[in-house]
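Coordinate inspection notes
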There are 6 protein chains.
Amino acid sequence: MQPKQKKVEDSHTIMTELIMPNDTNPLGNLMGGNLMRWMDIAGGICAAKHSEAHVVTASVDHVSFEKPIKLGNVISIDAKVTRAFNTSLEVYIEVMVSDITGANTMKSNHAYMTFVALDKDSKRPCKIPELLPITTEQKRLHEGATRRRELRLILSGRLKPKDATDLRSFFGELE
Amino acid sequence: MQPKQKKVEDSHTIMTELIMPNDTNPLGNLMGGNLMRWMDIAGGICAAKHSEAHVVTASVDHVSFEKPIKLGNVISIDAKVTRAFNTSLEVYIEVMVSDITGANTMKSNHAYMTFVALDKDSKRPCKIPELLPITTEQKRLHEGATRRRELRLILSGRLKPKDATDLRSFFGELE
Amino acid sequence: MQPKQKKVEDSHTIMTELIMPNDTNPLGNLMGGNLMRWMDIAGGICAAKHSEAHVVTASVDHVSFEKPIKLGNVISIDAKVTRAFNTSLEVYIEVMVSDITGANTMKSNHAYMTFVALDKDSKRPCKIPELLPITTEQKRLHEGATRRRELRLILSGRLKPKDATDLRSFFGELE
Amino acid sequence: MQPKQKKVEDSHTIMTELIMPNDTNPLGNLMGGNLMRWMDIAGGICAAKHSEAHVVTASVDHVSFEKPIKLGNVISIDAKVTRAFNTSLEVYIEVMVSDITGANTMKSNHAYMTFVALDKDSKRPCKIPELLPITTEQKRLHEGATRRRELRLILSGRLKPKDATDLRSFFGELE
Amino acid sequence: MQPKQKKVEDSHTIMTELIMPNDTNPLGNLMGGNLMRWMDIAGGICAAKHSEAHVVTASVDHVSFEKPIKLGNVISIDAKVTRAFNTSLEVYIEVMVSDITGANTMKSNHAYMTFVALDKDSKRPCKIPELLPITTEQKRLHEGATRRRELRLILSGRLKPKDATDLRSFFGELE
Amino acid sequence: MQPKQKKVEDSHTIMTELIMPNDTNPLGNLMGGNLMRWMDIAGGICAAKHSEAHVVTASVDHVSFEKPIKLGNVISIDAKVTRAFNTSLEVYIEVMVSDITGANTMKSNHAYMTFVALDKDSKRPCKIPELLPITTEQKRLHEGATRRRELRLILSGRLKPKDATDLRSFFGELE
């Protein structure tokens, strides 16, 4: 029997938010932690929709904050599943920012987050439908997911660097 | 000289929200006022983007709440400009609701809101680009906007019923 | 047997709020959606008290926002039942605004909202005590409630304009 | 020349609030600190209205919390000026609680708070209109204000117990 | 059998908060009520830890607010048990304030709060471990707790001034 | 001239929070994004204190969420500077969780965050005092900071893996 397969578009989630006074720090910029909070919600909604189950956040990869986001700016958070593993999945979250007038639109930052799907009754991790990448971009993200997963396992001490086959070949490649 | 024209898609805004404990009433349902608050933010972002200016809410038409939205549900608020008048514009806001797993998706409700665009410096109403409807649905909403505007003017005491040409022909039509 | 009757004063509800930074938009004005949220809470408390039951918001009629309300202003929301129907009731909500010093008090706006009373156990609509209007103003609001109800039913597609007897005679009257 | 005098009713403030999930502690009761926050806002609005100036909280007297207030209860906070001193004033704040249906209404607690009025430009304490007590209750609260003020000064180390004439005669009286 | 004894350090609680826009009044200062809300949370966590039980706030003694705390300031709330009575305990809460850069650190204010411990199952007051004061400062606060308790009982009308032995000897002493 | 040096203790920041209803997801667990928001605030306060300047979040390293944190739990967030670079610094943030009674205390998770200090007037990055590690643990964290920085630069595409001297020797070492 074929396992169930779902497309990226089936769970694609868009969240738009207006930066309010309480989201900002004393300099009038969006606090990084508030952005991470929204990214987590958008990512979680996307992951739950793909998994058809409740999910919990398992990890957030490295996030950089480069340009300040100002009070009154509008951010658009775009969350897409990149790959489903057995009971967890990776979501790519991209944040665009613009003036409320729509001017000065640019990418603010992005993150890869992983979520674990939980069975409704037992609250234990449950099987997730496979992700079927279609476009070139979706395939690129799908492929990179294995490498990012190895790095996560190394960073949390559950994989020895020498066993990170995918990551090592990637590092070698870049050199 | 041709006035500037913009399409519906140029300012189409999607806001996704997860219903949190504090959004609910003591029965565990989303409070109507909280939904209106989100519809106002989504509508305002959409209106500001079309107008390329800051906007203020001018009015909300009749809103009905039919099916209860529960804690943990996900709502998707979809805001689209239907017509731009001289310095104000009408936005159609539709709310879809589903379980967090994506199941049981259905329309929750909708509203027509109007916003006024304000000039950055004078804070006075300013000229708005025209809306160019393209699809049949967009044309239908564009046409109905004149009728809804007449009703608004009557309800706020600024138009006499007998002068509501568009509305009267519509009422006549239905009879 | 006489049905239970209650007076307007029995459920009259006053809510006073100070406009805080997070209630405002980037122009420093109270966002319309936040005002609607408070009006819904005040109206709901009033409706629950009259009904002696939990209530859910059924609809909000046309609301206009005319003068901007500023950060640091104080608003006073006054909610009164105008008429009880079988299992639903209409509440008239009026908003006054002033400086925190009490100066510049004026009416900001108003709305008619309807609520449905729910039985504690079955969560199904339940019978509501009648509203007994006493003053001239209360009687005027009580009478108009039938007309506003017809308009609501037309706007939500549940009544044909030609069957709106009360509304038609009112429109005829005005002409 | 006579100093300006204002009545209690001129600044009487009523604030009604519905207890929401986030206002409660893990036992489902309103947290004492949240109630104090609302009492401070209601008291501050009342004080600003009497003073016709911005005010800052100077002190809160002893507050007791006796009966638990539950999620979904409605509280009504009633704030009245009891006495105006030179640049500060005392406000009596009483909290009533009831079910949302209006049943089981009872007094929850009360507090005396003091506020200082600030001049708009200099931000320094400014002169406050006198309070003219009319009813027996208003006169009783007005008179007790001097005694409570002495206790406050003792508690903050700014008055020696032996100089608290009013308080001492009151203690003597009670014995 | 010896009753259980715990030290001040066993439940010492430190809470650090950054003053955000929504915590401030229209003058840009932290509202007194918000500070009391945080003091209640910090005090409650401290009291629960000492009691090894859920607690509810029973009372807050006189609190003064002297110097304004500004938007962007950092406050550090320090909560320590001073004495455990039978089923209630007193917590001393001290607030320090500084610029976010750490400059201008000074004491803002303090309060004594009392909490009652509740049994997990019956939700009725339950026995609390004794507090064992060790340092001179801890012993001074421990001793004063009896006196403050008498004052609380007088203020809430549950003790006649003439029976406040500890308080009377203290007042006499000061004279 | 010697550059200014500060110790870890000079900016050590402790933030204690009680998990409230609105901090949790529909399963009753603290949402990962809310935890990240608090970690960012605690880290930012710590960084500002060491830098004696305002700071902005530059990056968050990989964060894992292992055990669920429940409604009513208490978390203690501990933030310490590990190393100051030229105009940025790394903060190590550790989260402990326990029942409100103090029972079941355990480590929840940790993160390394980097912040950039900004000059008060120019809002441009400014020089930060050096961090002087004293204990063995502080020295271990101080040393590892260079390696984590290289990984960050690789992950954000600003360093080629082959130039990551410190990281490479570390990977080699582990193999």
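Below is a short write-up of the structure. Predicted model, so just to flag it, every value in this text is computed and none were measured.

A separate point is the overall build of chain A. A count of helical and extended segments in chain A gives 3 helices and 8 strands. Expected size for 175 residues packed as a compact globule is a radius of gyration near 16 Å; at 17 Å, chain A falls within 12% of this value. Along the first, second and third principal axes, the C-alpha atoms of chain A reach 50 × 45 × 30 Å. Carbon and sulfur atoms provide 51% of the accessible area of chain A, an area that totals close to 7,700 Å². Side chains of chain A carry 24 positive and 22 negative charges; the gap between the two charge centres is 4 Å.

So, about the state of the cysteines. What makes a disulfide is a covalent bond joining the sulfur atoms belonging to two cysteines. One pass over the full model with this rule turns up 0 disulfides over all chains. Looking at Cys-126 of chain B, it has no disulfide partner, and the nearest cysteine sulfur is the one in Cys-46 of chain B, 16 Å off.

In this complex, chain F contributes 38 residues to the contact, which on the side of chain A involves 38 residues. Roughly 3,200 Å² of surface becomes buried between chain F and chain A when both sides are summed, with 68% attributable to carbon and sulfur atoms. Seen at the junction of chain F and chain A, the total is 0 salt bridges. On the surface where chain F and chain A come into contact, there are 12 residue pairs in polar contact (both at pLDDT 80 or more). Of all the secondary structure elements, the ones that give two or more residues to the side of chain F that touches chain A are α1 (32–51), β3 (54–60), β4 (63–64), β7 (106–118), α2 (136–155) and α3 (165–174) of chain F. A per-class count over the side of chain F that touches chain A returns 19 nonpolar, 11 polar and 8 charged.

With that out of the way, let us pick up the relation of the copies chain F and chain A. With an axial shift of 0.0 Å and an RMSD of 0.1 Å, the rotation relating chain F to chain A amounts to 180 degrees. Put plainly, the chains are arranged around a two-fold axis. Considering only C-alpha atoms, the part of chain F nearest the rotation axis is His-62 of chain F, at 2.4 Å. A shared interface surface links the copies, since 100% of the contact residues of chain F are contact residues in chain A too.

A few words on the packing of aromatic side chains. Counting across every chain of the model gives 6 aromatic pairs over all chains. Judged by centre distance (5.1 Å) and plane angle (45 degrees), the ring pair of Tyr-92 of chain A and Tyr-112 of chain A falls under tilted. Of this pair, Tyr-92 of chain A sits in strand β6 (residues 88–98) while Tyr-112 of chain A sits in strand β7 (residues 106–118), and the two are 20 residues apart along the sequence. Here the two residues Tyr-92 of chain A and Tyr-112 of chain A agree in accessibility, since each one is buried. Residue placement shows Arg-148 of chain A over the ring face of Tyr-112 of chain A; its charged tip is 3.8 Å from the ring centre. Just above the ring of Phe-85 of chain E sits the side chain of Arg-149 of chain E; from NZ or CZ to the centre is 4.2 Å.

Overlaying chain E on chain C yields an RMSD of 0.0 Å, the required transformation being a rotation through 120 degrees with an accompanying axial translation of 0.0 Å. Read as a symmetry element, the transformation amounts to a three-fold axis.

Conventions and cut-offs
- Residues numbered from 1 in each chain as written.
- Chains lettered and ligands numbered in written order.
- Predicted model: local features only at pLDDT ≥ 70, side-chain atom pairs only at ≥ 80, totals over all residues.
- Heavy atoms only, no water.
- Helix = DSSP H or I, 4+ residues; strand = E, 2+ residues; numbered from the N terminus.
- Rg over C-alpha atoms; globule rule 2.2 N^0.38 Å.
- Areas by Shrake-Rupley, 256 points an atom, 1.4 Å probe, with all protein chains shown as cover.
- Lys, Arg positive; Asp, Glu negative; His and termini not counted.
- Charge placed at Lys NZ, Arg CZ, Asp CG, Glu CD.
- Disulfide = S-S within 2.5 Å.
- Contact = heavy atoms within 4.5 Å.
- Buried area = accessible area lost by both parts, 1.4 Å probe.
- Salt bridge = Lys/Arg side-chain N within 4 Å of Asp/Glu carboxyl O.
- Polar contact = N/O pair within 3.5 Å; in protein donor to acceptor, adjacent residues only side chain to side chain.
- Nonpolar A, V, L, I, M, F, W, Y, C, P; charged D, E, K, R; others polar.
- Least-squares fit on C-alpha atoms with pLDDT ≥ 70 in both.
- Phe/Tyr/Trp six-rings, centres within 6.5 Å; stacked < 30°, edge-to-face > 60°.
- Buried < 20%, exposed > 50% of the residue type's maximum accessible area, 1.4 Å probe, protein only.
- Lys NZ or Arg CZ within 6 Å of the ring centre and 35° of its normal.

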